Every structure is written in C-alpha cells, then in structure tokens.
Amino acid sequence: MRVINFNAGPAGLPLPALEAAREELIDFQKTGMSVMEHSHRGATYEAVHDEAIALFTELLAIPKSHGVTFVQGGASLQFGLIPMNFLPKGKSADYVVTGVWSEKAISEAKYLGEVRAAWAPPDGKFVRVPTQAELKLDPNAAYAHTTSNNTIYGTQFHTLPDTGAVPHVCDMSSDFMWRPIDVSKFAFIYAGAQKNIGPSGLVVVVANRDFIAKRRTDIPKIFQYQTHAENNSLYNTPNTWGIYLCRNVLRWMKSIGGLTALEVRNKEKAAVLYGAIDAAGGFYRCPVEPASRSVMNIVFRLPSEALEDKFVAEAKKANMVGLKGHRSAGGIRVSAYNAVSVEDIKALVSFMQTFSKANG
Ligand SMILES: *Cc1c(COP(=O)(O)O)cnc(C)c1O
C-alpha cells in the first residue's frame, strides 16, 4: 500500500510515472532488456533522452537562446562548479542569502573567488525573503545567485529578484516546474531532480547558451558546463535511469495540463493548508511572514516539541509520512511538491483538526 508522502527530498513521485516504469522495467519496448541496460549511445536510449529534453523545452516554454543540460553531483556540486565556470579572476559574485542552501552556495564559492552577500537577514532568522528594494546588488558582479525556494525554512520568492544586466543564476531545486516561469530572464537555472521532477542523482540545468559558452576554460573539461551542453549531455555516461524516470514524470505533468494546471493545483494545496494553520486558534503557528510563505514547503510549530513528536507519530499511524521538520529548524514541515494531490492535503488537514481538538 502507498503512503501519503510529504518527504522533502527525495520526495514522492507521481504514481503513473512509477507504474509506467514498473510496466517497462524488465523488457523495455520489446528490446529484451531494461532501459538501464541500454547503451547511452544507442538509438533506444537516445529517444528517451531526447524526449525528456523536448518535454522540458515544451513545458517550460524554453526559448531558443537557452538549452537543457543534464549533469550529476546533486545541486551541491553545482555550488562549486558555478563559480569555477563563471567567476573569473578580478570579478566578484553576488549571493542572496535566504537559507541553509544559499549559505552553502556562497561558502563554496568563497574557495574560488570574491563573493558578496547582496542580502542576508539582519537578525540571522530565515523567516522571510528580501524585497527588491532591500537587495544591494553590485552592477559589476559576474553573476547574482538566488535560491527561489528555501526548502528548510519554508520561504519562497513569489516574484524573483530582478538582477538587471547582471546574469541571474538561480537554484530552483525545490520549486522547479511548480508553475510557468519566464526562462529568458535567467542566465542559468539549476535544480536537483529529487524534489519536484524525478529521482536523485540528476541535476537539470536550463541555461543561456552564450552565458555557458563564456565560461572559464582554465578548469578541467569535465567541470565545464559547455562540455556537457555541446555534447547533448552525452559527453560521458549520464544518469540514464534518472533521465528516463524524469521523462515519465514530465509525461504525467503534460497529461494533467502542464505547468499552468500545476500552478492552480499547487496554490490550492497551499491555500487549504495555510488556511487550516491560521484557523486553528494558535495551536498551529507558521513562523514565516505571510508574503514569503512557500507553496512547496509549508512549515509550522505546535505548542511544544513533545506535541510535535506526538503529531508526527500519530500522523504516521494515519498513513502520512515525512512530516518532521529539518533538524536545523525543528517543528513540522509539509513538502507539497507536484506529486502531492489536493486530496492528500485535505486528508492531512482533517488529521490536523482532529489532533488539535484532542490535544488543544
Ligand atoms: C535539496 C536542495 C539542495 C541540495 O541538493 P543535493 O542534490 O542533495 O545536493 C540544494 N538547494 C536546494 C534549494 C535544495 O532544496
């Protein structure tokens, strides 16, 4: 039996994507082997690979100026590779520090060159994202790095910063493809697949072709995004199984109406859940400022840590898992990525109402 999965990542995958994989696992399209066992240079696998890229391009309405590239090493490896590629000597890069992941991104970049925090919370508390007016952007920066959704603290930019003429590099790991975006505004978008679009071990890069081409060339070829981009992500063996599963997820996303439909569904989920938190007479309390509340990761506290533990344990008995907050933040975290349905959220809300009546 499947559980209602609120894991933060790796996260639940849409059932149709898994069922399709089960169906074709042993004998892919009557080739007598699984897609995992095919050569990455053969026509069978290449059709899957190209379909995944075509679906990303279609669903995100990616303009000709930009391309899709698959890389490995998780989003965390990109924290190091991005400054390696795009931070030349004598230049500085801007980072908007809105949570643990952006802190990691800026501290990795410090190994490679000069960096500035264009914003960090004055009191050290990650309960909101900055407004455009608060950003101290350097007009001469090599790039400006943002994190669109802060997975641990449950904050999200509802309008992403405008970095002007400075190339905008964005870590979208935990809210990639939850709604339509204007890709042309970004120089470089990257996302670990395991939150919203597939399994772990795969990172999707959507980047401006000219920006990638103008990388530093005094680093090993394998570290240059251009190497992977100009070889259609087949410079070396890619994560073929991960790309295949991503393709299944993208097919599902397309079948339910693409990003426009997902945005409606995701906003409804968030409205239902935040509504229930706010209507609980203070028993549930969301620490995030209303304008910065994330649609993807909804965090809240109960009156005590003992009650939070009890909440997680009883929810598990009710078939709902993945609700414990990140160890650095505590509390409850509901990760409501694309695969989580409105019904899943309604089941959780009904559990929350029973729990608060019994323990309030
Ligand atoms: C999960 C996450 C990461 C780290 O991903 P890995 O694939 O584990 O390296 C980075 N950034 C954000 C925003 C995340 O949510």
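Reading guide: rules and limits
- Numbering of residues starts from 1 in each chain and follows the order in which that chain's sequence is written.
- Predicted model: local features are reported for residues with pLDDT of at least 70 only, side-chain atom pairs are reported and counted for 80 or more only, and whole-chain, interface and lining totals are derived from all residues.
- No hydrogens and no water enter the side-chain calculation; it runs on all heavy atoms of the structure.
- To obtain each axis, a line is fitted to C-alpha atoms, and for helices this fit is confined to the stretch in contact; angles are then taken between N-to-C directions over 0 to 180 degrees.
- By definition, any uninterrupted DSSP run of H or I lasting at least four residues is a helix, any uninterrupted run of E lasting at least two residues is a strand, and each is numbered from the N terminus.
- Geometric relationships in this document are graded by angle, where less than 35 degrees denotes roughly parallel, more than 145 denotes roughly antiparallel, 65 to 115 denotes roughly perpendicular, and other angles denote oblique.
- In a left-handed crossing the near helix is turned counterclockwise from the far helix by less than a right angle, and in a right-handed crossing that turn is clockwise.
- Residue contacts are defined here by distance: any two heavy atoms, one from each residue, within 4.5 Å place the two residues in contact.
- In this count, Pro and Cys sit with the nonpolar residues alongside Ala, Val, Leu, Ile, Met, Phe, Trp and Tyr, while Asp, Glu, Lys and Arg are called charged and the others, Gly among them, polar.
- We call a residue near a given molecule or strand whenever any one of its heavy atoms falls within 4 Å of it.
- Distance and chemistry together define a polar contact, namely a pair of N or O atoms within 3.5 Å, with one atom able to donate a hydrogen and the other to accept it when in protein, and with adjacent residues in sequence counting only for side-chain atoms on both sides.
- Residue exposure ignores everything except the shown protein chains as possible cover, and the areas themselves are Shrake-Rupley values with a 1.4 Å probe.
- For this analysis, a salt bridge means a side-chain nitrogen from Lys or Arg found within 4 Å of a carboxyl oxygen belonging to Asp or Glu.
- Relative accessibility thresholds used throughout: buried, under 20% of the residue-type maximum; exposed, over 50%; partly exposed, between the two (1.4 Å probe, protein chains only).

1. Some details on the packing of helix H9 (residues 305-317) against helix H10 (residues 342-359)
Across the interface, H9 lies against H10 with an axial gap of 11 Å and an inter-helix angle of 135°. Of the possible angle classes, the one that applies to H9 and H10 is oblique. Our pair here, H9 against H10, has a crossing hand that is right-handed. Residues Leu-307, Lys-310, Phe-311, Glu-314 and Ala-315 of H9 touch H10, and the partners they reach there are Leu-348, Phe-351, Met-352, Phe-355 and Asn-359. Split by residue class, the contact of H9 with H10 holds seven nonpolar, one polar and two charged.

2. As for the site of the ligand
Around the ligand, the structure places 13 residues, and the nearest of them are Ser-76, Thr-151, Asp-171, Gln-194 and Lys-195. Taking Thr-151, its side chain carries an N or O atom lying 2.5 Å from an oxygen atom of the ligand. Between Asp-171 and the ligand, the recorded distance is 2.7 Å, taken from a side-chain N or O atom to a nitrogen atom. Here the ligand has 380 Å² of accessible area as a free molecule, and 87% of this is covered by the chains. Counting residues per element, the shell around the ligand draws most heavily on helix H3 (residues 74-86), which supplies four residues. Its residues assigned to classes, the shell around the ligand shows three nonpolar, eight polar and two charged.

3. Brief notes about the pattern of salt bridges
Taken as a whole, this structure holds 11 salt bridges when the rule is applied. Two residues, Lys-254 and Glu-58, come together in a salt bridge whose shortest N-O distance is 3.2 Å. Note that Lys-254 is positioned in helix H7 (residues 240-255) and Glu-58 in helix H2 (residues 43-59), a separation of 196 residues in sequence. Where Arg-293 meets Asp-278, a salt bridge forms, and the shortest distance between an N and an O atom there is 3.1 Å. Of this pair, Arg-293 sits in the loop between helix H8 (258-278) and strand E11 (297-300) while Asp-278 is found in helix H8, placing the two residues 15 residues apart along the sequence. Judged by relative accessible area, which is 14%, Arg-293 ranks as buried. Residues participating in the shared-partner salt-bridge network are Glu-24, Glu-51, Arg-247 and Arg-251.

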